[in-house]
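If you want the building blocks of each chain, they are given just below.
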Amino acid sequence: MRTVTSLEELKGALTDLRSGSDRIALVPTMGALHRGHEALIRHAVGPDTTVVVTCFVNPTQFGPGKDYERYPRAPEADARLAGSAGAGLLWLPRMADIYPPGEMTRVRVGPIAASMEGLHRPGHFDGVATVVIKLITAARPDLLVLGEKDWQQVVVLRQVLRDLLWPTTIGVVPVVREADGLALSSRNQYLASTERVEALALSHALAAAAEAVANGETDGATVELTMREIMAEAPSLTVEYATVAHPETLLRLVRINRPARAFVAARIGKTRLIDTRALTP
Ligand code: PAF
(Lines give C-alpha, C1' and ligand atoms only; values in the text may rest on other atoms or scores of the structure.)
Protein backbone atom coordinates (compact mmCIF):
# COMPACT_ATOMS: atom_id res chain seq x y z
CA MET A 1 0.00 0.00 0.00
CA ARG A 2 1.25 3.42 -0.97
CA THR A 3 0.74 6.47 1.30
CA VAL A 4 0.34 9.98 -0.07
CA THR A 5 -0.37 13.35 1.49
CA SER A 6 -0.31 16.12 -1.13
CA LEU A 7 -2.81 16.52 -3.96
CA GLU A 8 0.02 16.22 -6.47
CA GLU A 9 1.12 12.88 -5.03
CA LEU A 10 -2.50 11.73 -4.97
CA LYS A 11 -2.92 12.59 -8.63
CA GLY A 12 0.16 10.60 -9.60
CA ALA A 13 -0.84 7.60 -7.50
CA LEU A 14 -4.37 7.59 -8.92
CA THR A 15 -3.08 7.66 -12.48
CA ASP A 16 -1.00 4.55 -11.72
CA LEU A 17 -3.90 2.82 -9.97
CA ARG A 18 -6.41 3.57 -12.73
CA SER A 19 -4.17 2.01 -15.34
CA GLY A 20 -4.16 -1.28 -13.39
CA SER A 21 -7.68 -1.40 -12.00
CA ASP A 22 -11.21 -1.00 -13.35
CA ARG A 23 -12.69 0.74 -10.37
CA ILE A 24 -11.62 2.97 -7.50
CA ALA A 25 -13.49 2.72 -4.19
CA LEU A 26 -13.04 5.47 -1.63
CA VAL A 27 -13.34 4.77 2.09
CA PRO A 28 -13.40 8.21 3.76
CA THR A 29 -12.55 8.14 7.46
CA MET A 30 -11.35 10.42 10.22
CA GLY A 31 -8.68 7.91 11.18
CA ALA A 32 -8.33 6.06 14.51
CA LEU A 33 -9.27 3.05 12.42
CA HIS A 34 -10.91 0.03 14.04
CA ARG A 35 -12.58 -3.19 12.91
CA GLY A 36 -15.56 -1.21 11.62
CA HIS A 37 -13.32 0.63 9.16
CA GLU A 38 -11.56 -2.62 8.35
CA ALA A 39 -14.94 -4.06 7.32
CA LEU A 40 -15.49 -1.08 4.99
CA ILE A 41 -12.13 -1.66 3.31
CA ARG A 42 -12.55 -5.43 3.04
CA HIS A 43 -16.03 -4.95 1.59
CA ALA A 44 -14.67 -2.75 -1.18
CA VAL A 45 -11.52 -4.68 -2.12
CA GLY A 46 -12.02 -6.83 -5.20
CA PRO A 47 -10.17 -8.19 -8.22
CA ASP A 48 -11.23 -5.16 -10.30
CA THR A 49 -11.39 -2.59 -7.48
CA THR A 50 -8.63 -0.68 -5.74
CA VAL A 51 -9.45 0.87 -2.39
CA VAL A 52 -8.31 4.36 -1.47
CA VAL A 53 -8.63 5.15 2.25
CA THR A 54 -8.54 8.72 3.52
CA CYS A 55 -7.87 9.69 7.13
CA PHE A 56 -8.69 13.33 7.79
CA VAL A 57 -10.13 14.80 10.97
CA ASN A 58 -12.43 17.30 9.33
CA PRO A 59 -12.74 20.48 11.42
CA THR A 60 -15.87 21.79 9.69
CA GLN A 61 -18.05 18.94 10.93
CA PHE A 62 -17.28 19.61 14.62
CA GLY A 63 -19.24 22.25 16.50
CA PRO A 64 -17.40 24.89 18.58
CA GLY A 65 -16.03 23.35 21.78
CA LYS A 66 -16.69 19.78 20.62
CA ASP A 67 -14.05 17.04 20.41
CA TYR A 68 -12.09 18.17 17.31
CA GLU A 69 -8.89 18.79 19.28
CA ARG A 70 -9.03 15.60 21.30
CA TYR A 71 -10.34 13.36 18.50
CA PRO A 72 -7.98 10.34 18.47
CA ARG A 73 -5.19 10.46 15.89
CA ALA A 74 -3.08 7.36 15.20
CA PRO A 75 -1.53 7.58 11.73
CA GLU A 76 0.95 4.70 12.11
CA ALA A 77 -1.68 2.25 13.39
CA ASP A 78 -4.09 3.49 10.70
CA ALA A 79 -1.55 2.70 7.98
CA ARG A 80 -1.03 -0.80 9.38
CA LEU A 81 -4.75 -1.54 9.53
CA ALA A 82 -5.54 -0.07 6.09
CA GLY A 83 -2.67 -2.01 4.50
CA SER A 84 -3.54 -5.31 6.12
CA ALA A 85 -7.21 -4.93 5.14
CA GLY A 86 -6.15 -4.63 1.50
CA ALA A 87 -6.24 -0.89 0.73
CA GLY A 88 -4.11 0.08 -2.27
CA LEU A 89 -3.63 3.70 -1.33
CA LEU A 90 -3.76 5.66 1.92
CA TRP A 91 -4.33 9.38 1.47
CA LEU A 92 -3.62 11.53 4.52
CA PRO A 93 -4.79 14.91 3.20
CA ARG A 94 -3.02 18.06 4.33
CA MET A 95 -5.22 20.68 5.94
CA ALA A 96 -3.91 23.27 3.47
CA ASP A 97 -5.06 21.14 0.53
CA ILE A 98 -8.59 20.60 1.82
CA TYR A 99 -9.10 24.04 3.37
CA PRO A 100 -6.52 26.31 1.70
CA PRO A 101 -6.17 29.84 3.05
CA GLY A 102 -8.98 32.01 1.71
CA GLU A 103 -11.34 29.13 0.93
CA MET A 104 -14.96 30.04 1.62
CA THR A 105 -17.24 27.53 -0.07
CA ARG A 106 -19.52 25.13 1.81
CA VAL A 107 -22.09 22.58 0.73
CA ARG A 108 -25.34 23.48 2.47
CA VAL A 109 -27.54 20.40 2.89
CA GLY A 110 -31.34 20.77 2.94
CA PRO A 111 -33.99 19.44 5.36
CA ILE A 112 -32.81 15.80 5.19
CA ALA A 113 -29.98 16.99 7.46
CA ALA A 114 -32.20 18.84 9.91
CA SER A 115 -33.31 16.04 12.25
CA MET A 116 -31.43 13.81 14.70
CA GLU A 117 -27.67 14.42 14.20
CA GLY A 118 -28.40 17.64 12.34
CA LEU A 119 -30.57 18.94 15.18
CA HIS A 120 -28.06 18.09 17.89
CA ARG A 121 -24.97 19.03 15.88
CA PRO A 122 -25.89 22.17 13.92
CA GLY A 123 -23.81 22.50 10.76
CA HIS A 124 -22.41 18.98 11.11
CA PHE A 125 -23.73 17.65 7.81
CA ASP A 126 -22.71 20.78 5.90
CA GLY A 127 -19.17 20.02 7.07
CA VAL A 128 -19.45 16.34 6.17
CA ALA A 129 -20.90 17.09 2.74
CA THR A 130 -18.27 19.75 2.06
CA VAL A 131 -15.33 17.51 2.89
CA VAL A 132 -16.73 14.47 1.10
CA ILE A 133 -17.33 16.50 -2.08
CA LYS A 134 -13.72 17.74 -1.86
CA LEU A 135 -12.40 14.20 -1.32
CA ILE A 136 -14.35 12.74 -4.24
CA THR A 137 -13.48 15.68 -6.47
CA ALA A 138 -9.82 14.89 -5.85
CA ALA A 139 -10.04 11.09 -5.96
CA ARG A 140 -12.89 10.60 -8.49
CA PRO A 141 -13.96 7.23 -7.07
CA ASP A 142 -16.56 4.99 -8.71
CA LEU A 143 -17.76 3.84 -5.31
CA LEU A 144 -17.95 5.52 -1.92
CA VAL A 145 -18.06 3.09 1.00
CA LEU A 146 -19.77 4.16 4.23
CA GLY A 147 -20.86 2.50 7.48
CA GLU A 148 -24.44 1.71 8.41
CA LYS A 149 -23.88 3.10 11.92
CA ASP A 150 -23.89 6.61 10.43
CA TRP A 151 -27.13 5.91 8.57
CA GLN A 152 -28.24 9.54 8.46
CA GLN A 153 -24.85 10.43 6.98
CA VAL A 154 -25.43 7.82 4.26
CA VAL A 155 -28.87 9.24 3.43
CA VAL A 156 -27.55 12.81 3.45
CA LEU A 157 -24.60 11.96 1.20
CA ARG A 158 -26.84 10.07 -1.25
CA GLN A 159 -28.95 13.24 -1.51
CA VAL A 160 -25.89 15.46 -1.92
CA LEU A 161 -24.38 13.28 -4.66
CA ARG A 162 -27.72 13.12 -6.48
CA ASP A 163 -28.25 16.88 -6.20
CA LEU A 164 -24.73 17.72 -7.35
CA LEU A 165 -24.86 15.23 -10.26
CA TRP A 166 -22.07 13.01 -8.95
CA PRO A 167 -22.43 9.51 -10.50
CA THR A 168 -20.51 7.84 -7.62
CA THR A 169 -22.49 5.03 -6.02
CA ILE A 170 -22.59 4.52 -2.25
CA GLY A 171 -22.00 1.11 -0.72
CA VAL A 172 -23.16 0.59 2.87
CA VAL A 173 -21.50 -1.89 5.21
CA PRO A 174 -23.36 -3.27 8.27
CA VAL A 175 -22.52 -2.01 11.76
CA VAL A 176 -19.65 -3.95 13.36
CA ARG A 177 -20.26 -4.67 17.05
CA GLU A 178 -18.25 -5.91 19.99
CA ALA A 179 -19.35 -9.35 21.25
CA ASP A 180 -21.61 -7.66 23.83
CA GLY A 181 -23.34 -5.51 21.21
CA LEU A 182 -21.56 -2.14 21.52
CA ALA A 183 -21.20 -0.62 18.05
CA LEU A 184 -17.55 0.05 17.20
CA SER A 185 -16.66 3.74 17.18
CA SER A 186 -13.40 5.64 17.36
CA ARG A 187 -14.97 7.48 20.31
CA ASN A 188 -15.37 4.27 22.36
CA GLN A 189 -11.77 4.71 23.50
CA TYR A 190 -12.87 7.81 25.48
CA LEU A 191 -15.09 5.64 27.71
CA ALA A 192 -14.05 4.84 31.27
CA SER A 193 -14.78 1.23 32.28
CA THR A 194 -18.05 2.04 34.06
CA GLU A 195 -19.14 4.20 31.13
CA ARG A 196 -18.31 1.34 28.76
CA VAL A 197 -20.83 -0.82 30.63
CA GLU A 198 -23.51 1.90 30.53
CA ALA A 199 -22.90 2.43 26.80
CA LEU A 200 -24.48 -0.98 26.19
CA ALA A 201 -27.83 0.69 26.90
CA LEU A 202 -27.82 1.99 23.31
CA SER A 203 -27.64 -1.42 21.64
CA HIS A 204 -30.00 -2.89 24.26
CA ALA A 205 -32.55 -0.16 23.49
CA LEU A 206 -32.28 -0.90 19.76
CA ALA A 207 -32.60 -4.64 20.32
CA ALA A 208 -35.75 -4.08 22.40
CA ALA A 209 -37.17 -1.85 19.65
CA ALA A 210 -36.47 -4.49 16.99
CA GLU A 211 -38.03 -7.20 19.14
CA ALA A 212 -41.14 -5.13 19.90
CA VAL A 213 -41.70 -4.40 16.20
CA ALA A 214 -41.05 -8.02 15.21
CA ASN A 215 -43.67 -9.02 17.80
CA GLY A 216 -46.32 -6.76 16.30
CA GLU A 217 -45.88 -3.34 17.94
CA THR A 218 -46.79 -0.75 15.30
CA ASP A 219 -46.91 2.46 17.34
CA GLY A 220 -43.79 4.55 16.72
CA ALA A 221 -44.12 6.55 19.96
CA THR A 222 -44.44 3.38 22.04
CA VAL A 223 -41.25 1.96 20.53
CA GLU A 224 -39.44 5.27 21.12
CA LEU A 225 -40.59 5.24 24.76
CA THR A 226 -39.34 1.67 25.19
CA MET A 227 -35.89 2.76 23.97
CA ARG A 228 -35.87 5.81 26.26
CA GLU A 229 -36.88 3.71 29.27
CA ILE A 230 -34.03 1.27 28.70
CA MET A 231 -31.49 4.06 28.29
CA ALA A 232 -32.86 5.84 31.39
CA GLU A 233 -31.67 2.88 33.47
CA ALA A 234 -28.04 3.88 32.82
CA PRO A 235 -27.46 6.65 35.42
CA SER A 236 -24.71 8.60 33.67
CA LEU A 237 -26.28 8.45 30.22
CA THR A 238 -28.17 11.42 28.79
CA VAL A 239 -30.38 10.60 25.85
CA GLU A 240 -30.27 13.04 22.94
CA TYR A 241 -32.78 11.22 20.79
CA ALA A 242 -34.49 7.84 20.41
CA THR A 243 -36.33 7.97 17.12
CA VAL A 244 -38.19 5.62 14.83
CA ALA A 245 -38.04 6.89 11.27
CA HIS A 246 -38.44 5.98 7.64
CA PRO A 247 -35.07 4.64 6.45
CA GLU A 248 -34.87 6.89 3.38
CA THR A 249 -36.86 10.06 4.17
CA LEU A 250 -35.81 9.98 7.85
CA LEU A 251 -39.28 11.26 8.74
CA ARG A 252 -40.57 10.01 12.09
CA LEU A 253 -43.03 7.17 11.76
CA VAL A 254 -46.28 7.28 13.69
CA ARG A 255 -47.21 3.82 12.41
CA ILE A 256 -44.61 1.12 11.75
CA ASN A 257 -46.25 -0.85 8.95
CA ARG A 258 -43.21 -1.14 6.68
CA PRO A 259 -39.46 -1.57 7.20
CA ALA A 260 -38.27 1.24 9.46
CA ARG A 261 -35.19 2.21 11.40
CA ALA A 262 -34.52 3.06 15.03
CA PHE A 263 -31.88 5.68 15.82
CA VAL A 264 -30.37 6.55 19.20
CA ALA A 265 -27.85 9.09 20.39
CA ALA A 266 -26.66 9.64 23.94
CA ARG A 267 -23.94 11.30 25.93
CA ILE A 268 -22.04 9.38 28.59
CA GLY A 269 -19.76 11.72 30.48
CA LYS A 270 -17.88 13.60 27.77
CA THR A 271 -18.49 10.97 25.11
CA ARG A 272 -21.27 11.09 22.56
CA LEU A 273 -22.36 7.83 20.94
CA ILE A 274 -24.87 6.96 18.22
CA ASP A 275 -26.31 3.68 16.99
CA THR A 276 -29.03 2.45 14.67
CA ARG A 277 -30.87 -0.72 13.72
CA ALA A 278 -33.38 -1.81 11.11
CA LEU A 279 -36.91 -2.56 12.33
CA THR A 280 -38.91 -5.17 10.44
CA PRO A 281 -42.63 -5.49 11.20
O1 PAF B 1 -17.94 9.16 9.00
C2 PAF B 1 -16.89 9.82 9.10
O3 PAF B 1 -15.89 9.35 9.64
C4 PAF B 1 -16.85 11.23 8.57
O5 PAF B 1 -18.05 11.89 8.76
C6 PAF B 1 -16.40 11.33 7.09
C7 PAF B 1 -17.40 10.65 6.16
C8 PAF B 1 -15.04 10.67 6.93
C9 PAF B 1 -16.28 12.78 6.67
O10 PAF B 1 -15.33 13.46 7.44
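Above this text is the structure in question.
Summarised in this report is the structure supplied together with it. (Residues numbered from 1 in each chain as written. Predicted model: local features only at pLDDT ≥ 70, side-chain atom pairs only at ≥ 80, totals over all residues. Heavy atoms only, no water.)

**With respect to the environment of Leu135**
Move 1: By secondary structure assignment, the location of Leu135 is in helix H6 (residues 124-139).
Move 2: According to the relative accessible area criterion, Leu135 is buried, its value standing at 4%.
Move 3: Excluding residues within four positions of it along the chain, Leu135 makes contact with Leu26, Pro28, Thr54, Trp91, Pro93 and Ile98. (Helix = DSSP H or I, 4+ residues; strand = E, 2+ residues; numbered from the N terminus. Buried < 20%, exposed > 50% of the residue type's maximum accessible area, 1.4 Å probe, protein only. Contact = heavy atoms within 4.5 Å.)

**Side note on the sheet that holds strand S1 (residues 2-4)**
By definition, the strands of a sheet pair up through backbone hydrogen bonds, in either a parallel or an antiparallel sense.
Move 1: Taken in spatial order, the six strands line up as S1-S4-S3-S2-S5-S6 in an open sheet, and their pairing is parallel. In this open sheet, the two edge strands, each paired with only one partner strand, are S1 and strand S6 (169-173). Averaged over neighbouring strand pairs, the angle between their axes works out to 25 degrees when direction is ignored.
Move 2: The pairing of strand S2 (residues 23-29) with strand S5 (residues 143-147) spans two bridges and is classified as parallel. Paired with Leu26 across the strands is Leu144, a residue of S5.
Move 3: Its contacts with the sheet place helix H1 (residues 7-20) against S1, S2, strand S3 (49-55) and strand S4 (89-91), and it is angled at close to 150 degrees to S1. (Pairing = 2+ DSSP bridges. Axes fitted to C-alpha atoms, helices over the stretch in contact; angles between N-to-C directions.)

**With respect to the sheet that holds strand S9 (residues 271-279)**
Move 1: Pairing within the open sheet is antiparallel, and its three strands lie in the order S7-S8-S9. In the strand order of this sheet, the two ends are held by strand S7 (237-245) and S9, each with one partner. Along the sheet, successive strands turn relative to each other by an average axial angle of 10 degrees, direction set aside.
Move 2: Relative to strand S8 (residues 260-268), S7 is paired through eight bridges, and the arrangement is antiparallel.

**Thoughts on the side chain of Ser185**
Move 1: Positionally, Ser185 belongs in the loop between S6 and helix H8 (193-198).
Move 2: What makes Ser185 buried here is its relative accessible area of 16%.
Move 3: Discounting residues that sit within four places of it in the chain, Ser185 has contacts with His34, Lys149 and Leu273.

By themselves these figures say nothing about function.
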